[in-house]
Amino acid sequence: MSEQRLSEASAWKYLIETLTMLAVDARDQRTWLDKYRLETDDLALDYENARASIVLLAEAGRIDVAMESRLARIDAILDAMSGAEQASRWTYEALTADTGWLKVRQLAREALTELAGTWHQPLPTLGIYGGSQ
């Protein structure tokens, strides 16, 4: 996100959308990534960018310590998967079978269910990448 302060509503929306992309089935992730001409690592980079949202929502009391912990576990798993030696974990095939991605998906679904009532959320749309809407 930008350097300007996020509104609470914007932070909430961004976190939900970011978690949604981590929670959906691998097939839906691949379709969405293709639509916007993104790479698999963009899922993790987007979540990394959501840190500011998490901090703001925690400060506002919208998420509690247990949720912060769950969200930090997602971040830790994605961080542990990073690096050139882990390149095989960032393929479309890995989204389906890699244990890290499976755990991230599970944690994201649990977080969304607690935050939004269900993990089934609409996929976000991006206007800046030139994909067909």
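Residues numbered from 1 in each chain as written. Predicted model: local features only at pLDDT ≥ 70, side-chain atom pairs only at ≥ 80, totals over all residues. Heavy atoms only, no water.

A word on the overall build of the protein
Within the protein, the secondary structure is distributed over 7 helices and 0 strands. The helix and strand sequence of the protein, counted from the amino end, reads α-α-α-α-α-α-α. Oriented by its inertia axes, the alpha-carbon framework of the protein measures out at about 40 × 30 × 30 Å. Here the protein holds 133 residues, and the buried ones make up 40% of them. Considering only residue pairs separated by 6 or more positions, the protein has 73% of its internal contacts joining residues 24 or more positions apart. If you sum the accessible surface of the protein, you get close to 7,300 Å²; carbon and sulfur atoms cover 52% of it. (Helix = DSSP H or I, 4+ residues; strand = E, 2+ residues; numbered from the N terminus. Buried < 20%, exposed > 50% of the residue type's maximum accessible area, 1.4 Å probe, protein only. Contact = heavy atoms within 4.5 Å. Areas by Shrake-Rupley, 256 points an atom, 1.4 Å probe, with all protein chains shown as cover.)

Section: the nonpolar core
L19, L22, L71, I74, L78 and W101 are the most contacted members of the largest nonpolar core, which totals 38 residues. Elements with a contribution of two residues or more to this core: helix 1 (8–23), helix 2 (26–35), helix 3 (41–49), helix 4 (51–59), helix 5 (65–80), helix 6 (92–97) and helix 7 (99–116). Among residues more than four places away in sequence, those in contact with L19 are Y47, L71, I74, A108, A111, L112 and L115. (Core = buried A, V, L, I, M, F, W, Y, C linked by side-chain atoms within 4.5 Å.)

Quick look at helix 7
The first and last C-alpha atoms of helix 7 sit 25 Å apart over 18 residues, in line with the 26 Å expected at 1.5 Å per residue. Within helix 7, burial applies to G100, W101, V104, R105, L107, A108, A111, L112 and L115. Here the buried face of helix 7 lies against helix 1, helix 2, helix 3, helix 5 and helix 6. Two or three places before G100, at the opening of helix 7, D98 has a side-chain oxygen 2.8 Å from that residue's backbone nitrogen. Backbone geometry just after helix 7 places G117 at a positive phi near 90°. (Expected span 1.5 Å × (residues − 1). Polar contact = N/O pair within 3.5 Å; in protein donor to acceptor, adjacent residues only side chain to side chain.)

Quick word on the pattern of salt bridges
One pass over the structure, following the stated rule, counts 9 salt bridges. Across the salt bridge formed by R51 and D75, the nearest N and O atoms sit 2.7 Å from each other. Residue R51 is found in helix 4, and its partner D75 is found in helix 5; the two are separated by 24 residues along the sequence. Classification of D75 by relative accessible area gives buried; the value is 15%. A salt bridge links D79 to R51; its shortest N-O distance comes to 3.6 Å. Of this pair, D79 sits in helix 5 while R51 sits in helix 4, and the two are 28 residues apart along the sequence. In this structure, a network of salt bridges that share partners links the residues R51, D75 and D79. (Salt bridge = Lys/Arg side-chain N within 4 Å of Asp/Glu carboxyl O.)

Section: unusual backbone geometry
Residues other than glycine seldom take positive phi values, yet R37 does so here, at roughly 55°. Structurally, the position occupied by R37 is in the loop between helix 2 and helix 3.

Things to note about helix 1
Here helix 1 contains 16 residues, and its C-alpha end-to-end distance of 22 Å stays within 8% of the 22 Å for a straight helix at 1.5 Å per residue. Listed as buried for helix 1 are A11, W12, Y14, L15, I16, T18, L19, T20, M21, L22 and A23. In this fold, the buried residues of helix 1 make contact with helix 2, helix 3, helix 4, helix 5 and helix 7.

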